[in-house]
Number of protein chains: 2
Amino acid sequence: MTGGGTPDGTGAARSVLGRALSVLGAFTDASPELALADIVTLTGLPPATAHRIVAELVAWGALERVGRGRYRIGLRLWRIGALAPAARTLREAALAPMQDLAAVTGHVVHLVVLDGFRALFVERLPGREDLTVRSRVGRDMPLHASGPGKVLLAHAPTAFVEQVITRGLPRLASGTITDPGTLRAALAEIRRTGHCLSREEMTEGASSIAAPVVGADGTVVAALGVVVPASAALPPYVPAVMVAAATASRNLGARPPSR
Amino acid sequence: MTGGGTPDGTGAARSVLGRALSVLGAFTDASPELALADIVTLTGLPPATAHRIVAELVAWGALERVGRGRYRIGLRLWRIGALAPAARTLREAALAPMQDLAAVTGHVVHLVVLDGFRALFVERLPGREDLTVRSRVGRDMPLHASGPGKVLLAHAPTAFVEQVITRGLPRLASGTITDPGTLRAALAEIRRTGHCLSREEMTEGASSIAAPVVGADGTVVAALGVVVPASAALPPYVPAVMVAAATASRNLGARPPSR
């Protein structure tokens, strides 16, 4: 489907759309607002081309012009993006139990899905003492170095897990699992117990408790987790997290857990 | 910026991008999943062109292929859409007080912004008895027929309000304000009191209490509201809604209210 130019001259069409998508792709969590010069640098497009594409994206509502020749993602693109199942079906199923979990624990609650070889935050509810958790909706993190990430990995195909291991298990904090054998054992334990405890694997001073969210077809579609201070005892949080994840799963149409 | 074809042949380029955007625009809240035939019908594009554009959007991650030749919005477009300020800055500033308001009242809480001549839900937290409120993030509603909508209208320029009135004030429920003079008086009252009470204006059996969220520059950027059963007394909710909206405003960098 992504083949090269075609004999009927559609190569040119593909290229124009590709250039427009590269303009949208230049906007990231680290640079949500860009000047035209930034867009030219990031996309490698000629300035006149970049200007023309930006103008059309603004006219349509995919981009908004801020002051002084700067641009950001527009409300119309947000509305269309909000139609993605992760934002719509999954988030709607998980939001009420996430709210309850945040209210009961007072800590940050995350909903995380697999996105390529990364774990992507699709929802985040703030805790009462929101000091150390710098997560944000739309941001991603490594799969091996957090509770929700390991839950997703534990329910991924073995070949995928081995690819993640081959790509490297960098240390992010004192508790990060960097040894392949230790990671494989941890994933087996997650499958056995139905939850994951993670102690200072991503951020120093923060630990997490996570459990899988299961879709109507019985596959794991997301992980739901709470972030607590590293000084806290983690096991008391396990039943609450598992109940919240089970509620989200049931809201998605999954059958109640049999364990 | 949205002018026609240019002498250097960019008219063709503009048209290709326009066609791709029309494919994205075919996905709506009412039809979040489309077959290629639907896309052809909705966009008026030739099937071969639609197929080529869809293939490129899938390859990039703007669309995802579901089973049996159906498509939906992809995770990559959701991630980029989530960079829009309404989803990012505003939502992050408002989420904690919205959570508190939902927890204290037990009712559905909304965050709403102006989008053209409509009020757009950018966030929605479920209540404990979530029976009658069919709102959804990304969905819109008329400005004149709800608490948050009237709050946004009350702080819009007079000329804009008159345009809304000229476009018509259709009745949606028994309490909808359909008379221009009554609406103008209601908006003046909202500006005077700093909040809005709305009784069965959008949905029979549901009332709402709403207040403005103010940005760092002192302008109203959103409305925050709670939906309660029509049988409830509304005034007791007013201080809680105003506190939540003021907290969101302060989080955005607004100065504390002086009233």
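Because the structure is a prediction, the values reported are computed rather than measured. (Residues numbered from 1 in each chain as written. Chains lettered and ligands numbered in written order. Predicted model: local features only at pLDDT ≥ 70, side-chain atom pairs only at ≥ 80, totals over all residues. Heavy atoms only, no water.)

Caption draft 1: Here's a closer look at the interface of chain A and chain B. Chain A puts 63 residues into the contact, and the matching count from chain B is 62 residues. Summing both partners gives a buried area of about 5600 Å² for chain A against chain B, and 67% of it is carried by carbon and sulfur. Linking chain A with chain B are 10 salt bridges, by the criterion used here. Between chain A and chain B we count 15 residue pairs in polar contact (both at pLDDT 80 or more) in total. Secondary-structure elements contributing two or more residues to the side of chain A that touches chain B are helix H1 (10-25), helix H3 (47-60), strand E3 (70-73), helix H4 (75-81), helix H5 (86-105), strand E4 (109-115) and strand E5 (118-125) of chain A. The element that contributes the greatest number of residues to the side of chain A that touches chain B is H1 of chain A, accounting for 10 residues. Counted by class, the side of chain A that touches chain B contains 37 nonpolar, 9 polar and 17 charged residues. (Contact = heavy atoms within 4.5 Å. Buried area = accessible area lost by both parts, 1.4 Å probe. Salt bridge = Lys/Arg side-chain N within 4 Å of Asp/Glu carboxyl O. Polar contact = N/O pair within 3.5 Å; in protein donor to acceptor, adjacent residues only side chain to side chain. Helix = DSSP H or I, 4+ residues; strand = E, 2+ residues; numbered from the N terminus. Nonpolar A, V, L, I, M, F, W, Y, C, P; charged D, E, K, R; others polar.)

Caption draft 2: Quick peek at the relation of the copies chain A and chain B. When chain A is fitted to chain B, the residual RMSD is 0.1 Å, and the transformation amounts to a turn of 180° plus an axial shift of 0.0 Å. Seen this way, the second copy is the image of the first under a two-fold rotation axis. (Least-squares fit on C-alpha atoms with pLDDT ≥ 70 in both.)

Caption draft 3: Structural detail: the sheet that holds strand E2 (residues 63-65) of chain B. Residue and element names in this part refer to chain B. Overall, antiparallel pairing links the 3 strands, which are arranged E1-E3-E2 in an open sheet. Bordering the open sheet on either side are strand E1 (33-35) and E2, each of which pairs with just one other strand. Within the sheet, the average angular offset between the axes of one strand and its neighbour, ignoring direction, is 35°. Of the pairings in the sheet, the one linking E2 to strand E3 (residues 70-73) comprises 3 bridges and is antiparallel in character. The residue bridging Arg 65 from the neighbouring strand is Tyr 71, located in E3. Across the sheet, helix H2 (residues 36-43) lies against E1 and E3, angled at about 90° from E1, the strand it touches most. (Pairing = 2+ DSSP bridges. Axes fitted to C-alpha atoms, helices over the stretch in contact; angles between N-to-C directions.)

Caption draft 4: Focus on the pairing of strand E7 (residues 196-199) of chain A. All names here are of chain A. The two faces of E7 differ: Cys 196 and Ser 198 on one face are buried, but Leu 197 and Arg 199 on the other face are not. When E7 meets strand E8 (residues 206-214), the two strands line up antiparallel, connected through 4 bridges. Opposite Arg 199, over in E8, you have Ser 207 as the bridge partner. The turn linking E7 back onto E8 is made up of 6 residues, and Glu 200 within it adopts a positive phi angle of 50°. (Buried < 20%, exposed > 50% of the residue type's maximum accessible area, 1.4 Å probe, protein only.)

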